[in-house]
Amino acid sequence: MTAPSVEDLLRALTPQVLGALVRRHGQFEGCEDAVQEAVLAAAVQWPAEGVPDNPRGWLVTVASRRLIDQIRSDHARRERESATAFEAVPEEVPGTDDTLVLLFLCCHPTLTPASATALTLRAVGGLTTAEIARAFLVPEPTMAARISRAKQRIKAAGSSFSLPEGPEREERLAVVLHVLYLIFNEGYTASSGGELDRVDLAREAIRLTRLVRAQLPEDGEVAGLLALMLLTHARREARSTAAGDLVPLDEQDRAHWDRALIDEGTGLAKASLAGPALGPYQLQAAIAATHADAATAAETNWRQVHALYLILERIAPNPMVTLNRAIALAETEGPRAGLALLSTLDGDERMAGHHRLLSVRAHLLEQAGDPAGAYELYRRAAKSTASLAEQRYLESRASRVRPG
């Protein structure tokens, strides 16, 4: 197995192993440290010596031994057990996947929604603290402190490792869905690094959302979130070139969109809208389905897209929703209308210097006949993102409108 395959396998197994250890030992923070040590050992040993027949059991065994070492604080015993752990035969390793249970544990009611989301992204999604900080639009030290406090509260709460029932499950569900949404977004467009996306994260978010839907098949927002993920993920193959360069939505070859995912997502989106309540994920899924219905970019029903964003903005106000509504408004009423709406975001501290706001404003200035203004903003946007793929795309847009 190649090194990248080992990395993918470890990313998929880490939350499962952490769930198994927490179920067995009940120490969230200690278990997380032990699992990270086991994963590091595997990352070193497996590429050289081969993946064991039962990789999950291997990780559970090694992590359990590391946790016992931590508890006993016996250095000599730690050295002896570490030396023999690699040959150990896994015993009594449960065959069930506890990832979903771990997901709900991280969304414990003693945590604020923001802290629960951050902790779950770290423990279940495998994102770094820096990536989570960018997702929340906060400084990295702030996010590190938030995650640390969340771990301590989980420990102090002494929560049982089981799926919640009744009202408690409903209380945690909104945070769980938000967590999955952020994991998928990081997978669909990586916030940093040389790759445009992180397919493993996007697929894991879809898998986990399917698990939640299996538990709550009648919940419209769960269905809406799954539909949104499927409809968005369907465009993955068309949104980058062979060299890894970004291809915007209006330039994508729609023949390369995954029709099976579109059909499944569209069906889910329509079914979710039939319920008595209407939530933000259902509306976003309806917007994605509207894009999917258009054979070409020119055939997109932008008035319907704008109307859906208006409703979304009303029930779930967010600067990114307003930004996207400005794009739709520009398509129906011209770039100046879109620019006027964008100006309402200038006082929002969360958007100050954000590359998305800069790039959309640059695009609308370009459409409005102001290449000099567009050039400056495209360059600023390129400097404001940590994604190399986005940087290359924005620099290419700047070069295209560069004066002279």
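Residues numbered from 1 in each chain as written. Predicted model: local features only at pLDDT ≥ 70, side-chain atom pairs only at ≥ 80, totals over all residues. Heavy atoms only, no water.

Novice: How do you make sense of empty space enclosed by the protein when you look at a structure like this?
Specialist: To find the voids left in a structure, one rolls a probe of water-molecule size over its atoms. Across all of its chains, the model carries one cavity of 30 Å³ or more by this definition. Within this model, the largest cavity holds a volume of roughly 30 Å³. In terms of lining, the largest cavity is formed by L100, F104, L163, R169, V212, Q215 and L216. Put simply, the parts of the chain that give the lining of the largest cavity at least two residues each are helix 5 (99–106) and helix 10 (199–215). Across the lining of the largest cavity, the residue classes break down as five nonpolar, one polar and one charged. (1 Å grid on protein atoms, 1.4 Å probe; cavity = no way out; pocket = protein on both sides within 12 Å on 5 of 7 lines; lining within 4 Å. Points joined across faces, edges and corners; volume = space filled by probe spheres on them. Helix = DSSP H or I, 4+ residues; strand = E, 2+ residues; numbered from the N terminus. Nonpolar A, V, L, I, M, F, W, Y, C, P; charged D, E, K, R; others polar.)

Novice: Looking at this structure, how should I read the packing of helix 15 (residues 319–333) against helix 16 (residues 335–342)?
Specialist: Think of two packed helices as two axes; the pair is described by the angle between the axes and how far apart they sit. Orientation of helix 15 relative to helix 16, taken along the N-to-C sense of each, is 160°, at an axis distance of 6 Å. Looking at the two axes, helix 15 sits roughly antiparallel to helix 16. Between helix 15 and helix 16 lies a crossing whose hand is right-handed. Every residue of helix 16 that contacts helix 15 at T322, L323, R325, A326, L329, A330 and E333 is listed here: P335, A337, G338, L341 and L342. Looking at side-chain class alone, the contact of helix 15 with helix 16 contains eight nonpolar, two polar and two charged residues. (Axes fitted to C-alpha atoms, helices over the stretch in contact; angles between N-to-C directions. Parallel < 35°, antiparallel > 145°, perpendicular 65-115°, else oblique. Left-handed = near helix turned anticlockwise from the far one by under 90°. Contact = heavy atoms within 4.5 Å.)

Novice: I tried to follow the layout of surface pockets on my own but got confused; where do I start?
Specialist: The computed volume of the second largest pocket comes to approximately 380 Å³. Lining the second largest pocket are 17 residues, with L10, R11, A12, T14 and G126 positioned closest to its centre. Residue assignment for the lining of the second largest pocket shows that the elements contributing at least two residues are helix 1 (3–25), helix 2 (28–49), helix 6 (113–123) and helix 10. Tallying contributions element by element places helix 1 first for the lining of the second largest pocket, with seven residues. Residue classes in the lining of the second largest pocket are distributed as seven nonpolar, four polar and six charged.

Novice: It is not clear to me how the side chain of Q284 should be interpreted in this structure. Could you clarify?
Specialist: On the secondary structure map, Q284 appears in helix 13 (residues 280–293). In this structure, Q284 is in contact with Y181, L228 and L312, ignoring residues within four places of it in sequence.

Novice: When you look at the pattern of salt bridges in this model, what are you seeing that I'm missing?
Specialist: For side chains of opposite charge, pairing can occur when their charged atoms come near one another. Applying the stated criterion to the full structure yields 16 salt bridges. Its salt-bridge partner being R198, residue E186 comes within 3.7 Å of it at the nearest N-O pair. Note that E186 is positioned in helix 9 (residues 166–188) and R198 in the loop between strand 1 (192–193) and helix 10, a separation of twelve residues in sequence. The pair E186 / R198 is uniform in exposure class, with both members buried. Here E264 makes a salt bridge to R210, at a shortest N to O gap of 2.8 Å. Within this pair, whereas E264 is found in helix 12 (residues 259–273), its partner R210 is found in helix 10, the two being separated by 54 residues in sequence. (Salt bridge = Lys/Arg side-chain N within 4 Å of Asp/Glu carboxyl O. Buried < 20%, exposed > 50% of the residue type's maximum accessible area, 1.4 Å probe, protein only.)

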